[in-house]
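Tertiary structure, described
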Amino acid sequence: MKTALITGITGQDGSYLAEFLIGKGYRVIGLTRRSSTTVTSRISHLLEKIELVPGDLLDQSSLMDVLSSYNPDEVYNLAAQSFVQTSWNQPVLTAEFTAVGVTRLLEAVRRCAPKARFYQASSSEMFGKVQAVPQIESTPFYPRSPYGVAKLYGHWITVNYRESFNMHATSGILFNHESPRRGLEFVTRKISYHVAMIKHGRTNELRLGNLDARRDWGFAGDYVEAMYLMLQQDRPDDYVIATNETHSVREFVELAFARADLDWQKYVKLDDKFNRPAEVDLLIGDPARAKKDLGWVPKTDFKSLVNMMVDADLNLVASEPHPHAHP
Ligand code: NAP
Ligand code: F7E
């Protein structure tokens, strides 16, 4: 039985990856940080099948303890401050988690479990102000947020440890991927959740920023398989994971409201508060290398993704007690 350590197991991707690896027969260890509230809602259905261990990307000794105790075969570093907008409010903390945190974990692997294969969750945000269309592994980077800059550090330190210490360290450059488990602050889930709230009469507006931004949106459940496949390769490399399609926020809005038979123009209001100091206007990735080396292709198209998220939120909101209902 192989052992995998997942940092960020309580997040969107961590929950799907844990499910996937359990299905492959892995012993799954999940790193969780101390919190005053319960943060395991995404993995509540898996708690009997995984082992949670305390640790934090800010704390070197906690990482070394976990690596020494479990000596995993594979380490998936999914933990990060992952919300781009917040990275302007907390740029230093974002760098501590999302950039230097990667070095702390790589050091722990190198010293305590040097045979482990390492996956780093890199991001299409590193392409930022894109220098070529579509983006591939060799496209020059131009990050546009403190988050993007931090991810670029994480990407290069992973490459550097591979080249310096001959580690099996891989960086997956994943484009936006979404699901019903996406955090409510990200635009796709914000839209699908508000559509459901409007449909059930719980609110009557959705405030958004830039509707013209274009993203290459895929399904998180498809993307975690690519992470696993990268670590099964004899030779570590970096891979773009994307759908090779781009859509605007406006298109997402149109499809999501249409799914619930609502006219979006009646509810969507523009609000400057959600505009960013520097925007990433267009992302579209070509995953040809992943297809060739890993045999990976996305399975879920854009419309199916939107429908999946709206349907899940319609069910979720229907099951939530009405805020005005008497107990
Ligand atoms: P997410 O839902 O925001 O999850 C982030 C996870 O990181 C949570 O489990 C969080 O724990 C954990 N975490 C944050 N700071 C930590 C720290 N100091 N120590 C330990 N754990 C910490 O993110 P996601 O969407 O699943 O994304 C997974 C990874 O892929 C992230 O690194 C993200 O930047 C990257 N990525 C995401 C996308 C995308 O479209 N989703 C695309 C490219 C790359 P708590 O639950 O305690 O907060
Ligand atoms: O924004 C626009 C916003 O916050 C998408 C993270 O997973 O993917 C994600 O980063 C677009 C942007 O994701 C609102 O300006 C308009 O252009 O959903 P998002 P993101 O910034 O692309 C990458 C690959 C990651 O690595 C990150 O971790 O939508 N937008 N109006 C809005 N965005 C938000 N959040 N809220 C709005 O009201």
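Please refer to the structure higher up on the page.
My aim in this report is to walk through the structure given alongside it, one point at a time. Fair warning: this is a prediction, and the values are worked out from it, not measured in the lab.

1. Overview of the pattern of salt bridges
Applying the stated rule across the entire model yields 20 salt bridges. A salt bridge links R27 to E51, with the shortest nitrogen-to-oxygen separation between them at 2.8 Å. In this pair, R27 sits in strand β2 (residues 27–32) while E51 sits in strand β3 (residues 50–54), placing the two residues 24 residues apart along the sequence. The exposure class of R27 is partly exposed, given its relative accessible area of 31%. Of the charged contacts in the structure, one is a salt bridge between D313 and R189, with a shortest N-O distance of 2.8 Å. Here D313, found in helix α10 (residues 302–319), pairs with R189, found in helix α6 (residues 187–199); they are 124 residues apart in sequence, far enough to count as distant. Overall, D313 belongs to the buried group, its relative accessible area being 2%. Take R189: its relative accessible area is 8%, and that puts it in the buried class.

2. A closer look at the sheet that holds strand β11 (residues 238–241)
Strands sit in the order β3-β2-β1-β4-β5-β6-β11 across an open sheet of 7 strands; the sheet is parallel. The open sheet has two free edges, formed respectively by β3 and β11, since each of these has just one partner strand. Looking at each pair of strands side by side, their axes are set apart by 20° on average, direction ignored. As defined by bridge partners, strand β1 (residues 3–7) adjoins β2 across 5 bridges and the pair is classed as parallel. Looking across to β2, one finds that A4 is bridged to V28. In the packing of helix α1 (residues 12–23) onto the sheet, contacts are made with β1, β2, β3 and β4 (74–77), and the angle to β1 comes to roughly 175°.

3. A short note on the site of ligand 1
Neighbouring ligand 1 are 23 residues, the closest being T10, D13, R33, S82 and Y147. Within the backbone of G8, one N or O atom sits 3.4 Å away from an oxygen atom of ligand 1. Within the backbone of A80, an N or O atom sits 3.2 Å from an oxygen atom of ligand 1. No other element matches strand β5 (residues 117–123), which puts 3 residues into the shell around ligand 1. Here the residues of the shell around ligand 1 sort into 9 nonpolar, 9 polar and 5 charged.

Reading guide: rules and limits
Residues numbered from 1 in each chain as written. Chains lettered and ligands numbered in written order. Predicted model: local features only at pLDDT ≥ 70, side-chain atom pairs only at ≥ 80, totals over all residues. Heavy atoms only, no water. Salt bridge = Lys/Arg side-chain N within 4 Å of Asp/Glu carboxyl O. Helix = DSSP H or I, 4+ residues; strand = E, 2+ residues; numbered from the N terminus. Buried < 20%, exposed > 50% of the residue type's maximum accessible area, 1.4 Å probe, protein only. Pairing = 2+ DSSP bridges. Axes fitted to C-alpha atoms, helices over the stretch in contact; angles between N-to-C directions. Contact = heavy atoms within 4.5 Å. Near = heavy atom within 4 Å. Polar contact = N/O pair within 3.5 Å; in protein donor to acceptor, adjacent residues only side chain to side chain. Nonpolar A, V, L, I, M, F, W, Y, C, P; charged D, E, K, R; others polar.

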